[in-house]
2 protein chains.
Amino acid sequence: MSQRITIALDAMGGDRAPDMVIEGASFAQKKMPGELEFIFYGDEERISPILEKFPQLAEQASIVHTPEYVRNEDKPSMVLRRGRNTSMNLAIKAVSEGHADCVVSAGNTGALMVLSRLNLKTLEGIDRPAIAAAMPTTVGQTIVLDLGANVDASPDHLVQFALLGSLYARCVLGVKEPSIGLVNVGSEEQKGRDAIKKAAQILQDSHIPGHFFGFIEGDDIPKGTVDVAVTDGFTGNVLLKASEGVAKQMYQMLRGVIEHSTMAKIGYLFARPALRRFKKKMDPRRYNGAMFLGLKGVCVKSHGGTDSYGFYRAIKSASQMVREGFYDQVSKELKNTPTYATSENDRSVTETQSNGGMSS
Amino acid sequence: MSQRITIALDAMGGDRAPDMVIEGASFAQKKMPGELEFIFYGDEERISPILEKFPQLAEQASIVHTPEYVRNEDKPSMVLRRGRNTSMNLAIKAVSEGHADCVVSAGNTGALMVLSRLNLKTLEGIDRPAIAAAMPTTVGQTIVLDLGANVDASPDHLVQFALLGSLYARCVLGVKEPSIGLVNVGSEEQKGRDAIKKAAQILQDSHIPGHFFGFIEGDDIPKGTVDVAVTDGFTGNVLLKASEGVAKQMYQMLRGVIEHSTMAKIGYLFARPALRRFKKKMDPRRYNGAMFLGLKGVCVKSHGGTDSYGFYRAIKSASQMVREGFYDQVSKELKNTPTYATSENDRSVTETQSNGGMSS
């Protein structure tokens, strides 16, 4: 455990970059003293003066000047063609070339996905990487994937997501026998999309690490029914954003009613310490850091709008994956696991109509 | 406005039926005095003694004895074959045969959908009915559809859902120019599934009632960005359940922190009236009642676990649709609107892979 982890940081990604990135790294250094080293990729003229304000961090950090960076509005396809000299691409390359153990960026998600796929490559046995993140539940947290890397998913893709999510829960979160649920529109076997029903059949018969719980519904994630919730990237993305949105809406409305009532304001003064604990528990920054799973290297995407505390959490996630040898463990597991793919399943990526998708 | 609305009620549907159904009807009668008449379908021996407790309601109500009823665990396909004499089927038939103006049931959703499709038929120009409901937002409410009638949706289906949702918002909620959003994984044109992109093209060019806003994301629903949010039944179902689940989770966690702190308990006493207003605003019973849109008749599905207040809200939704002539208005609009369908779109029900589904 004495070996230091080198983290490549895309200093130009995120709404408040590069300040937020450097402050986040400084935060991480204080929280994990002596464990981390940083390489900042980006505009040296902008990074240097900020880094000077953190002399302790500067001792464990270096800057690699890059003339370009990826913008939020850049299309992934364009970045793939012309993004070679961007801070994002060079930070990822640091991992593929062995200069760093992992990469963290708060930049354009689509660009980060195509560039990390290009440089890091997908693991053997994995067709497509998935984006995974922890979501807060009543009893703890649930790893949800895919959150948007693939708008559709074949049965095999879903099975691979289940494997990746389960191994993440085991290696990084220390859940010995993670329970895995497939997001569907009902818990009955006959319900839902064909691709999901097929994935369930494969998961039932396979010896995937963890325990296959079966189908789960949208409310099973906040309930914390399973450790790992598997879905396609379209559903996962909508689910994640809607959940975050509802949580935010409730805060706002709660604040609204309290601010409009003097009695409630007085009450708030009494309840403040308790409410702060509540707020801390649900703080989206705590759950910041979406893991790109299925690559030959650790790449974590931070929310673009986060602050230095949120960015520190993303750095923490990345360093934990390195520390726990996530990549090695997944590689080993993939070798030990029989191929789930059958030619029949391979072709069922496009989903067929079904009438059974009603809620009861 | 003096004409009474006759409502056929499936007295046997719902966790607390028939009590909850009869109490809900009594509630509705008190809230809308002189406006409603009821026909209860179900086991007369069970309904009669409860109805006797509500003499005022009994004056405006009749009972049609049915020997059978649909159970929650019954498969829709089975109900379709053998459910002829169930309270649910006969209540729906009351509408198709002109004995009642609308039907409300808190029973099995899948069964209610297949039976109402069979008896009421879909409107000309509508391929598939959709389930729609109002979801609370920071600024009011948004109509979301489809919530689970169809696990997949072609571009034409999505366009039809948009039309139905927009007309509902206009006729029943009184929104003059409803804004319509298509749920996607990003607001940029190049993102998302092909079916959604095609639907957006059709909506941009068509003269659908209301205003096409464009793509929206999961958090746009709690934000209240649009009046009508259109999606396939799989995504809609997961979105609805996740949103309800997160709201519930936050209540529970909030209650948990307050109960564990004496100071917070004192604070709660002061803030209670304000918190009650907040709770009332977000009360899921207020939003109870999922409308089956696209049928030649008004059918509303109540949540199975609701109470009499929630059931009253479902009755209210149904009676509003009748009062505002929703069915006539949709029929008229469908005649005036050019067919959106092209043979190309018809075939694109199965969605193809795309790599552009990342969040930014």
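Coordinates for the structure precede this section.
Residues numbered from 1 in each chain as written. Chains lettered and ligands numbered in written order. Predicted model: local features only at pLDDT ≥ 70, side-chain atom pairs only at ≥ 80, totals over all residues. Heavy atoms only, no water.

Engineer: Account for the packing of aromatic side chains, naming residues and giving values.
Structural biologist: One pass over the structure, following the stated rule, counts 13 aromatic pairs over all chains. Seen from their ring centres, A:F270 and B:F270 are 5.7 Å apart, and the 5° between their planes marks the pair as stacked. With one member in each of two chains, A:F270 in helix α11 (residues 262–282) and B:F270 in helix α11 (residues 262–282) form a pair that bridges those chains. Look at A:F270 and you get partly exposed, because its relative accessible area is 26%. (Phe/Tyr/Trp six-rings, centres within 6.5 Å; stacked < 30°, edge-to-face > 60°. Helix = DSSP H or I, 4+ residues; strand = E, 2+ residues; numbered from the N terminus. Buried < 20%, exposed > 50% of the residue type's maximum accessible area, 1.4 Å probe, protein only.)

Engineer: Quick one: what's the story with the pattern of salt bridges, residue by residue and with numbers?
Structural biologist: Tallying each qualifying case throughout the model produces 20 salt bridges over all chains. A:E177 serves as the salt-bridge partner of A:R170, at 3.8 Å between the closest nitrogen and oxygen. Across the salt bridge formed by B:E37 and B:R4, the nearest N and O atoms sit 3.6 Å from each other. With B:E37 in strand β2 (residues 36–42) and B:R4 in the segment before β1 (5–10), the pair connects residues that are 33 residues apart, well separated along the chain. (Salt bridge = Lys/Arg side-chain N within 4 Å of Asp/Glu carboxyl O.)

Engineer: Hey, could you go over the sheet that holds strand β6 (residues 141–145) of chain A for me, with residue numbers and the actual values?
Structural biologist: Residue and element names in this part refer to chain A. Reading across from one edge, β3-β2-β1-β4-β11-β10-β5-β6-β9-β7-β8 is the order of the 11 strands in this open sheet, with mixed pairing throughout. In the strand order of this sheet, the two ends are held by β3 (61–65) and β8 (211–216), each with one partner. This sheet shows a mean twist of 25° between the axes of neighbouring strands, independent of strand direction. With 3 bridges connecting them, strand β1 (residues 5–10) and strand β4 (residues 102–105) associate as parallel partners. Paired with A8 across the strands is V103, a residue of β4. Along the sheet face, helix α2 (residues 44–52) touches β2 (36–42) and β3 and points at about 165° away from the line of β3. (Pairing = 2+ DSSP bridges. Axes fitted to C-alpha atoms, helices over the stretch in contact; angles between N-to-C directions. Contact = heavy atoms within 4.5 Å.)

Engineer: Lay out helix α8 (residues 194–205) of chain A in plain terms, naming residues and giving numbers.
Structural biologist: The periodicity of an α-helix, 3.6 residues per turn, causes residues three or four positions apart to be oriented the same way. All names here are of chain A. Look at α8: 17 Å from first C-alpha to last across 12 residues, which is about the 16 Å you get at 1.5 Å a residue. Taken residue by residue, α8 has A195, I196, A199, A200, I202 and L203 as its buried positions. Angular distribution of buried residues about the axis of α8 spans 165°; they occupy a single face of the element. α8 presents Q204 and D205 as exposed residues on the side facing more than 90 degrees away from its buried surface. (Expected span 1.5 Å × (residues − 1). Arc of directions from axis to C-beta.)

Engineer: For the sheet that holds strand β10 (residues 290–293) of chain B, give the residues involved together with the corresponding values.
Structural biologist: All names here are of chain B. The mixed open sheet is built from 11 strands, whose spatial order is β3-β2-β1-β4-β11-β10-β5-β6-β9-β7-β8. Two strands bound the open sheet, and with one partner strand each, they are β3 (61–65) and β8 (211–216). The mean inter-strand angle of the sheet, taken between neighbouring strand axes irrespective of direction, is 25°. Relative to β3, β2 runs parallel, the two sharing 5 bridges. Each residue of the ladder has a partner; that of F38, found in β3, is A61. Set on the sheet, helix α6 (residues 109–120) makes contact with β4 (102–105), β5 (130–136), β10 and β11 (298–301); between it and β11 the angle comes to about 175°.

Engineer: Talk me through the side chain of A:T86; I want residue IDs and the actual numbers.
Structural biologist: All names here are of chain A. Relative to the helices and strands, T86 resides in the loop between α4 (76–82) and α5 (87–96). Since its relative accessible area comes to 4%, T86 is described here as buried. Setting aside its immediate chain neighbours within four residues, T86 contacts T66, E68, Y69, V70 and L115.

Engineer: Can you break down the interface of chain A and chain B residue by residue, with the values?
Structural biologist: With 68 residues of chain A in contact, the opposing surface of chain B contributes 68 residues. In this assembly, chain A packs against chain B so that about 6600 Å² is buried in total across both faces, 67% of it on carbon and sulfur atoms. Taken together, chain A and chain B are joined by 6 salt bridges. One salt bridge connects B:D152 with A:R193, and the closest N-O pair in it is separated by 3.1 Å. (Buried area = accessible area lost by both parts, 1.4 Å probe.)

Engineer: Can you tell me about the relation of the copies chain A and chain B, naming the residues and giving the values?
Structural biologist: Note on the copies: chain A fits chain B at an RMSD of 0.0 Å, the axial shift is 0.0 Å, and the rotation between them is 180°. Both copies are brought into coincidence by an operation consistent with a two-fold rotation axis. Taking C-alpha positions as reference, the residue of chain A nearest the rotation axis is A:G267, located at 1.7 Å. Here 100% of the contact residues of chain A are again contact residues in chain B; the copies associate through an equivalent surface. (Least-squares fit on C-alpha atoms with pLDDT ≥ 70 in both.)

Without other data, these values stay purely geometric and don't point to any function.
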